[in-house]
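# Chains, contacts and geometry: an overview
Here are the chains, one letter per residue:
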Amino acid sequence: MGGKSSSRPAPPSPLLSKPWREINWNDKQGTLQHVNAIRPKTEGQVIRILLHGLVGAGKSSFINSVKSVLQERMCLPALVANSFGESCTKKHTTHKFNNGNQDTFYHFVINDTMGLSNDCSRSTRNNRVRDIEKALKGHVSEGYTFNPECRISMDDPFVNLKPSANDKVHVLVFVIDANKFTPMIEKAVETFQDIREEAIRLNIPQVVLLTKIDEFCPESQQDVKNVYKIKTLKEKMKEVSARVGIPVNCIFPVKNYSEEMDLNSDTDALILSALKHILQLGNDHLNNHYA
Ligand SMILES: Nc1nc2c(ncn2[C@@H]2O[C@H](COP(=O)(O)OP(=O)(O)O)[C@@H](O)[C@H]2O)c(=O)[nH]1
Ligand SMILES: [Mg+2]
């Protein structure tokens, strides 16, 4: 830092010669079968995934991307935030995923949560943390409309006082834009930690989805298959791990579908790989706590 140096500027960070994680890039059908085989032991039980993150992090896009990959065609991005970064997700909605032949569903569901902006007030953040704690425990029913100004009251008709195993969350996912993970989001990181504390109390596993890697590193935009060879991305994952407190092996970089018209097999493979690990963690939690 500072000081005069006669040495030449460092060359751009090269790719590692070998990827540091293995991804099955060429067998989508095999991975889909694997994803389909991750199912709870109890008939009718689903693995419930809860997404949390700042507005614009890519939560809705991830849901749309998973839908598109599983249905093997691009799904309409019905829920993506507008260009002002306003959160579209106020109603508690459970997203289900059917496979190609429409009437059978995968054994998992995803709930989105209302995104926070980084500059929102302490009381808004506290309200969100309390709401998410209730959602983790299964108290928030389908159709509840989140209110940024106040937390959920246990008297609300949309509060489920006696949640079943199916209503509870089995894996918590923090969705983080790789480009925006700077010291500037200190407050958001504090909120993640508050939410994590409750998840830890409930033994709910937590993972991070690191989104928009196509914007973060041009090497991945050129070829998604480079993802685990990019040094700067590995460094970013370590930084997220250190600050959020989630181990690197529970952090998954993804590129969501955002502008494309057609699916891309490498983008699919990365999304499916993240989904597979999330489902395995959720299913392990179910087997360990409800079997
Ligand atoms: N380039 C790129 N854009 C993305 C990615 N994920 C989301 N986006 C875009 O980021 C914006 C916010 O995404 P959205 O899913 O609505 O964020 P949410 O508020 O967390 O639900 C939208 O314009 C998306 O198209 C990604 O992986 N790469
Ligand atoms: Mg959204």
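This text goes with the structure placed above it.
Residues numbered from 1 in each chain as written. Chains lettered and ligands numbered in written order. Predicted model: local features only at pLDDT ≥ 70, side-chain atom pairs only at ≥ 80, totals over all residues. Heavy atoms only, no water.

### Here we look at the pattern of salt bridges
Opposite charge on two side chains makes pairing possible when the charged atoms of those side chains draw close. Enumeration over the complete set of coordinates arrives at 13 salt bridges. Between K255 and D214 there is a salt bridge; the shortest N-O distance is 4.0 Å. Note that K255 is positioned in the loop between β6 (251-253) and α8 (265-290) and D214 in helix α5 (residues 213-216), a separation of 41 residues in sequence. Here K255 matches D214 in class, with each residue buried. The residue E239 makes a salt bridge to R243 at a minimum N-O spacing of 4.0 Å. You can see E239 and its partner R243 sitting in helix α7 (residues 231-244), 4 residues apart, about one turn around the helix. On the basis of relative accessible area, E239 is assigned to the partly exposed category, the value being 28%. (Salt bridge = Lys/Arg side-chain N within 4 Å of Asp/Glu carboxyl O. Helix = DSSP H or I, 4+ residues; strand = E, 2+ residues; numbered from the N terminus. Buried < 20%, exposed > 50% of the residue type's maximum accessible area, 1.4 Å probe, protein only.)

### Overview of the side chain of K59
Relative to the elements of secondary structure, K59 occurs in helix α2 (residues 59-71). It turns out K59 is buried and unbridged, and the closest side chain with the opposite charge, D112, is 5.0 Å from it. Only 2.8 Å separates the side chain of K59 from the backbone oxygen of L54, close enough to count as a polar contact. Discounting residues that sit within four places of it in the chain, K59 has contacts with L51, H52, G53, L54, D112, T113, G115 and V175. (Lys, Arg positive; Asp, Glu negative; His and termini not counted. Polar contact = N/O pair within 3.5 Å; in protein donor to acceptor, adjacent residues only side chain to side chain. Contact = heavy atoms within 4.5 Å.)

### Quick word on the sheet that holds strand β5 (residues 206-211)
Strands pair in a sheet through their backbones, by hydrogen bonds, and they do so in one of two ways: parallel or antiparallel. Strands sit in the order β2-β3-β1-β4-β5-β6 across an open sheet of 6 strands; the sheet is mixed. Looking at strand neighbours, the two that pair on one side only are β2 (94-98) and β6, the edges of this open sheet. Adjacent strand axes in the sheet meet at a mean angle of 25 degrees when their direction is disregarded. Bridge count for strand β4 (residues 171-177) against β5 is 6 bridges, and the pairing is parallel. Bridged to V175 within β5 is L209. Along the sheet, α8 makes contact with β1 (47-52), β3 (105-111), β4, β5 and β6, crossing β1 at roughly 120 degrees. (Pairing = 2+ DSSP bridges. Axes fitted to C-alpha atoms, helices over the stretch in contact; angles between N-to-C directions.)

### Observations concerning the nonpolar core
A general tendency of soluble globular proteins is for nonpolar side chains to be buried together. Ranked by size, the top nonpolar core spans 77 residues in total, and within it I49, L70, F108, L209 and L275 carry the most contacts. If we ignore the near neighbours within four places in the chain, the residues touching L209 are F62, V173, F174, V175, I176, F252, V254, A274 and I278. (Core = buried A, V, L, I, M, F, W, Y, C linked by side-chain atoms within 4.5 Å.)

### Quick word on α7
Between the first and last C-alpha of α7 there are 20 Å, a value that for 14 residues agrees with the 20 Å anticipated at 1.5 Å per step. The set of residues buried in α7 consists of L233, K236, M237, V240, S241 and V244. Each buried residue of α7 sits inside an arc of 140 degrees when the element is viewed along its axis, so together they form one side. If you follow the buried residues of α7, they end up packed against β4, α4 (186-201), β5, α5 and β6. Following α7 by one or two positions, G245 adopts a phi angle in the positive range, close to 90 degrees. (Expected span 1.5 Å × (residues − 1). Arc of directions from axis to C-beta.)

### Re the packing of helix α1 (residues 28-37) against α8
At a minimum axis distance of 10 Å, the contact between α1 and α8 shows a crossing angle of 20 degrees. Considered as vectors, α1 and α8 are oriented roughly parallel to each other. Where α1 crosses over α8, the handedness of that crossing is left-handed. Of α8, the residues touching α1 (which contributes K28, T31, L32, H34 and V35) are D268, L272, L275, K276, L279 and Q280. Here the contact of α1 with α8 is composed, by residue class, of 5 nonpolar, 3 polar and 3 charged. (Parallel < 35°, antiparallel > 145°, perpendicular 65-115°, else oblique. Left-handed = near helix turned anticlockwise from the far one by under 90°. Nonpolar A, V, L, I, M, F, W, Y, C, P; charged D, E, K, R; others polar.)

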